[in-house]
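The chain contents come next:
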Amino acid sequence: MPEVPKPEELMKIDYRPPERPWMETKPEFRGGRFCNAASPKWLEALDYPYARTWSVTDEDWNLPENWKDIVLESMHDRLNRFRSLRLFFDICVRCGACADKCHYFIGSGDPKNMPVLRAELLRSVYRRYYTVAGKLLGKLAGARELTEDVLKEWFYYLYQCTECRRCSVFCPYGIDMAELTILGRELLSSVGINTEWVMASVGSCYRTGNHIGAPPHAYKDMIDFFCDECEEVTGIRPRPSFNRKGAEILFVAPSGDYFADPGTYTFMGYLLLFEYLDLDYTISGYASEGGNFGYFISHEMGKRLNYKIYSEAKRLGVKWILGGECGHMWRVLNQYMDTWNGPADFLEEPVSPITDTRFENAKSTKMVHVTEFTADLIKHGKLKLDKSRNDHIVLTYHDSCNPARAMGLFEEPRYIMRNVCNNFYEMPQNTIRESTFCCGSGSGLNADELLEVRMRGGLPRANAVRYVHEKHGVNHLGCICAIDRAVLPPLLEYWGLDVEITGIHEMVANALVFPGEKKKTVDLRDRTLKGVEPEEIEEEE
Amino acid sequence: MKLDSLLSEKKFSILERWFNLILESYSADTQSFLKREKDRFDNPVAYEFGQGIEGIYEALLHGMDRDRVSSFLDRIISIRAIQDFSPSGAIAFIFLLKKVIREELEREARENGISEELIELESRIDGLALLSFDIYMKRREKLYEIRVNEVKNRVSGLLRRAGLISELEEKPDPKKRKH
Ligand code: SF4
Ligand code: SF4
C-alpha cells in the first residue's frame, strides 16, 4: 500500500520556508508570476539586440555565448554615464527604512520584494566586480558572481517593481528604486531579455505613435465615434480638429483613454470640455500617445518614443501643449522630456486663452496637465457646473504614483472633484498623496499573465478603498491615469469591491451645463441621474 | 459546556498563538514586519488575518451561519491564494487551530474530562477546513475569470460594438517593413 498521509500528519506539515541566505534562494517561475518573453519580431523592428525565441520557464534561456561579458560591459557603461547609479549603489546604509514600504512586499510577504533587497540583487554584482572589498572577500562583503541564476532572479524581481517610487519617499538618501529598476531592465535587454507586453507596446508605438498600433485614420474614427456618443447623450457634438496647422494648442492623451473603457468616457469628457470653451486646439495623428512604455525599459527608448511630441508641436506650429490624464506620461514629460528632446524654444510659455493664467510651472516644458488647466478654469468661474448631476457618485481619489510623487500634483484633481461632485471622501492619510499605494500594475506590468503578482501588489490599495467603501458607501474611485483605469477594475473585482473607476474629466463633463442644452437625464455612461424619474427618460425617447 | 467556557477564557492566548503560528509560514524578515507594524493600512495582511481568525473563533464558539463564517475564512484565504503557497499551504492555517487548542488545553483535557467535547470541536474545525477548500477554489476560479475578461475588455466595448477595431486586431507584421 502506498503511504497516504493521515490528517494529523498533514497538520504537522511545516510550512516554514527554509531559512537560507537570500543569495542562495532561486526564484521559481510559476504561472501568474512572470511576464512572457518578447517575440523576436518586436526586437527586430526596434533594432534591439539578440532577438530570438525563448521561454521564461525553459531551463536554457538561449543567451548569447558571451552574455556575461555583455552584461558587465553594459553595467560598466552605465556606471560611467549615470553618476546616480554609482551613487545609489554606494550610499545605501541598509537602514531598512524602505523595507516595508513596497506594496509588493506588503502583499506578497516575499522578502526580496523589500526595496533594499531588490536593489541588493544588482548591488551584490556591482560589489563583486567594482569594489575592492567585493573582489577580495566575495560573499563576506555582500558580493556575488554574475551567473545565469542571478540574471533570472533580476528578471523575476525587476519585473515585480512598478517603478512607483514609494520606497524613495521614505529613504533618507532618496535612493530612487525606479531608476535602478530601469537600469537593471536595460542590462537584461542588452542580452535580449525583454517582455512581450512591453515590447509589443513599444514596437507599436515606434511605428504608429501609440501603444495599440492605431494608424491615424483609425484614431480619427475612434474620436469621431466618441463625438457621436457625446451628441447622443448630451445633445452637444464636439468638433475636434486633426493635424490642423496653426492651432493654438496641441492636445495629447494616453491611448488608454481612447481605446479601453472606462478611459473612453474620460476622453469624451475632454472633448465636451474643449467644445464648451470653444478651445483652439488640435489632435495629432502621430503624437497620438502620451504614455511611454519605452521609459520603463530604457532611457534611450523613452527618449525615442517621446520625440514625436515636440516634433509634432513644431510641425503643426502650435503655441503650447496640453496633456491628458495619464500617470507615467507625466513623469516623463515633467522630468525627462526637456533634457531628452528640448529645449522647446519654438513654443511659447503656456497661457490659458480663457483665463489668461500663465502656467509658470510649465515655462520650460511648455506642457500643461489638463487638471491644472481645468482647476484654473473653475477657480476663475469659467465653468457653469451642476454638481448634483454626479450625485449618484460617492467618490474617493487614488493618487496615481507618477503625478503624485514625480510631479506633486495633489491639489488640482481634488479641487476639481470637490467642485463637480458633492460626495467626496479621502482614503486614510498613509495611503494617499506622496504615500499613495500603487495600483500594482504600472511600469509595463499590466500583462494579464502576471495577474497574481498584480493582485498582491494592489492589495494595500484595494484595502484602503475597502475602508472608505464600507465606511462612507464610496462607489467610485477617481484617478488620473490610464493604466489605473485599465487595471483597477480587475483589482477591485478580485478583492470583492463593488466600486467603479472613473477619470476626473468624465465627471467634469457630467456636471458641465451648456448654454441652451437639453435636459440631462443620464450621465456619459448612460446611467440614469439621481432624482430623474423613469417617465422623463421615456418622454425623451 | 465546560469546553466553551474554557475557550472563552483562553480566547486571547489561543488567538495569539494561532496568529503567530500562521505567520511562521513566512520568512523571518516578513514575520517580524507582520508582527511589528500595527497600522491596518500599512500592514493589511496581518490586519486581515487578525480579523479573520477572531471571526472564525467566534463562529466555533457561538455558531454562525455559513455565509458569515465563509467571509471570515475568505479574509485569510483570498490573500494566501495569491501568495506563494500550494493549495494545502494556503489553507493549512485552519488545521493549526487544532494544534493550538490541544496544546493550550492539554492539562484541562486530562483533568476535567473534556476530551469528548474536544473531539466534537475538532470535527467542527474539519468542517471549516472543507469550507476553506471551497473558498480557495472560488478564489482561484475568480482569478482565471478575471484574466479571461481582462483580455476581452482590453478593447473598449463601445468601440467593439461600433465595429471600429477589427483593423487593429490584425497588426501588420513589422518584419515586412524592414527599413
Ligand atoms: S515597486 Fe515601488 S516601492 Fe516597490 S521597490 Fe519598486 S519603486 Fe520601490
Ligand atoms: S531607506 Fe535608503 S538607505 Fe535605507 S535601506 Fe532603503 S535604500 Fe538603503
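Residues numbered from 1 in each chain as written. Chains lettered and ligands numbered in written order. Predicted model: local features only at pLDDT ≥ 70, side-chain atom pairs only at ≥ 80, totals over all residues. Heavy atoms only, no water.

Undergrad: Residue-level account of the overall build of chain A, with values.
TA: The number of helices and strands found in chain A is 26 helices and seven strands. The C-alpha atoms of chain A give a radius of gyration of 25 Å, which matches the 24 Å a tight globule of 541 residues would have. In terms of overall dimensions, chain A has a C-alpha envelope of 80 × 65 × 45 Å along the principal axes. For chain A, with 541 residues in total, the buried portion stands at 65%. Considering only contacts in chain A between residues 6 or more positions apart, those separated by 24 or more positions represent 76%. Split by element, the accessible area of chain A, about 19600 Å² in all, is 49% carbon and sulfur. For chain A, the distance from the average position of its 65 positive side-chain charges to the average position of its 79 negative side-chain charges is 6 Å. (Helix = DSSP H or I, 4+ residues; strand = E, 2+ residues; numbered from the N terminus. Rg over C-alpha atoms; globule rule 2.2 N^0.38 Å. Buried < 20%, exposed > 50% of the residue type's maximum accessible area, 1.4 Å probe, protein only. Contact = heavy atoms within 4.5 Å. Areas by Shrake-Rupley, 256 points an atom, 1.4 Å probe, with all protein chains shown as cover. Lys, Arg positive; Asp, Glu negative; His and termini not counted. Charge placed at Lys NZ, Arg CZ, Asp CG, Glu CD.)

Undergrad: I'd love a proper account of the overall build of chain B, names of residues and values included.
TA: Per the secondary structure count, chain B includes 11 helices and zero strands. The helix and strand sequence of chain B, counted from the amino end, reads α-α-α-α-α-α-α-α-α-α-α. Sorting the 179 residues of chain B into buried and exposed places 49% on the buried side. Carbon and sulfur atoms make up 52% of the accessible area of chain B, which totals about 9200 Å².

Undergrad: Which residues make up the site of ligand 2, and what values go with them?
TA: In the vicinity of ligand 2, the residues found are Cys92, Val93, Arg94, Cys95, Gly96, Ala97, Cys98, Val116, Cys171, Pro172, Tyr173 and Ile175 of chain A. Class assignment for the residues of the shell around ligand 2 results in 10 nonpolar, one polar and one charged. (Near = heavy atom within 4 Å. Nonpolar A, V, L, I, M, F, W, Y, C, P; charged D, E, K, R; others polar.)

Undergrad: So what about the sheet that holds strand 2 (residues 281–283) of chain A? Which residues, and what values?
TA: Residues and elements named next belong to chain A. Read from one edge of the open sheet, four strands run 2-1-3-4, paired in parallel fashion. Each end of this open sheet is capped by a strand with a single partner; those strands are strand 2 and strand 4 (367–369). Between one strand axis and the next, the sheet turns through 30 degrees on average, direction left out of account. Sheet topology note: the strand 1 (residues 249–252)/strand 2 ladder contains three bridges and is parallel. The residue bridging phenylalanine 251 from the neighbouring strand is isoleucine 283, located in strand 2. The strands touched by helix 16 (residues 299–316) are strand 1, strand 2, strand 3 (320–323) and strand 4; relative to strand 1, the strand with the most contacts, the crossing angle is about 150 degrees. (Pairing = 2+ DSSP bridges. Axes fitted to C-alpha atoms, helices over the stretch in contact; angles between N-to-C directions.)

Undergrad: Explain the side chain of arginine 525 of chain A to me, using residue names and the numbers behind them.
TA: Residues and elements named next belong to chain A. Considering the arrangement of structural elements, one finds arginine 525 in the loop between helix 25 (504–511) and helix 26 (534–540). Polar side-chain contacts of arginine 525 include one of 2.7 Å to the backbone oxygen of isoleucine 501. When residues no more than four places from it in sequence are discounted, the contact partners of arginine 525 are Pro262, Tyr265, Glu500, Ile501, Thr502 and Glu506. (Polar contact = N/O pair within 3.5 Å; in protein donor to acceptor, adjacent residues only side chain to side chain.)

Undergrad: Hey, could you go over a nonpolar patch on the surface for me, with residue numbers and the actual values?
TA: Residue and element names in this part refer to chain A. Taken together, the side chains of Val132, Leu136, Leu137 and Leu140 define a hydrophobic patch exposed on the protein surface, amounting to about 500 Å² of accessible area. Note that leucine 140 resides in the loop between helix 7 (132–137) and helix 8 (148–158). Take leucine 140: its relative accessible area is 78%, and that puts it in the exposed class. (Patch = residues over 30% accessible without salt bridge, like charges linked within 9 Å, V, L, I, M, F, W, Y side chains within 5 Å. Salt bridge = Lys/Arg side-chain N within 4 Å of Asp/Glu carboxyl O.)

Undergrad: Requested: an account of the sheet that holds strand 6 (residues 476–479) of chain A, with residues and values cited.
TA: Residues and elements named next belong to chain A. The strand order 5-6-7 describes an open sheet built from three strands, whose pairing is parallel. Both edges of this open sheet fall to strand 5 (395–397) and strand 7 (500–503), since each of them pairs with a single strand only. Pairs of neighbouring strands in the sheet enclose a mean axial angle of 35 degrees, with direction left out of account.

Undergrad: Before we move on, can you summarise unusual backbone geometry with the specific residues and values?
TA: Residue and element names in this part refer to chain A. Geometrically, the link from aspartate 261 to proline 262 is a cis peptide bond, its omega value of 0 degrees lying close to zero. Position of proline 262 relative to the elements: it lies in the loop between helix 13 (256–259) and helix 14 (263–277). A positive phi angle, near 55 degrees, is found at arginine 94, a position not held by glycine. With respect to the helices and strands, arginine 94 occurs in the loop between helix 4 (83–91) and helix 5 (103–108). Exposure remark for arginine 94: the relative accessible area of 51% places this residue in the exposed category. Of note, arginine 433 is a non-glycine position whose phi angle comes to about 50 degrees, a positive value.

Undergrad: Explain the site of ligand 1 to me, using residue names and the numbers behind them.
TA: In the vicinity of ligand 1, the contacting residues are Cys102, His103, Pro115, Arg118, Cys161, Thr162, Cys164, Arg165, Cys167 and Met177 of chain A. When grouped by side-chain class, the residues that make up the shell around ligand 1 number six nonpolar, two polar and two charged.

Undergrad: Can you break down the domain arrangement of chain A residue by residue, with the values?
TA: Residues and elements named next belong to chain A. Domains assigned within chain A are domain 1 (7–30 + 49–193), domain 2 (201–379) and domain 3 (387–511). A separation of 22 Å is found between the C-alpha centroids of domain 2 and domain 3. Residue-level contacts link 30 residues of domain 2 with 26 residues of domain 3. At the boundary of domain 2 with domain 3, total buried surface from both sides reaches about 2300 Å², with 69% on carbon and sulfur atoms. Counting every contact that joins domain 2 to domain 3 gives two salt bridges. (Domains from an automatic or database assignment. Buried area = accessible area lost by both parts, 1.4 Å probe.)

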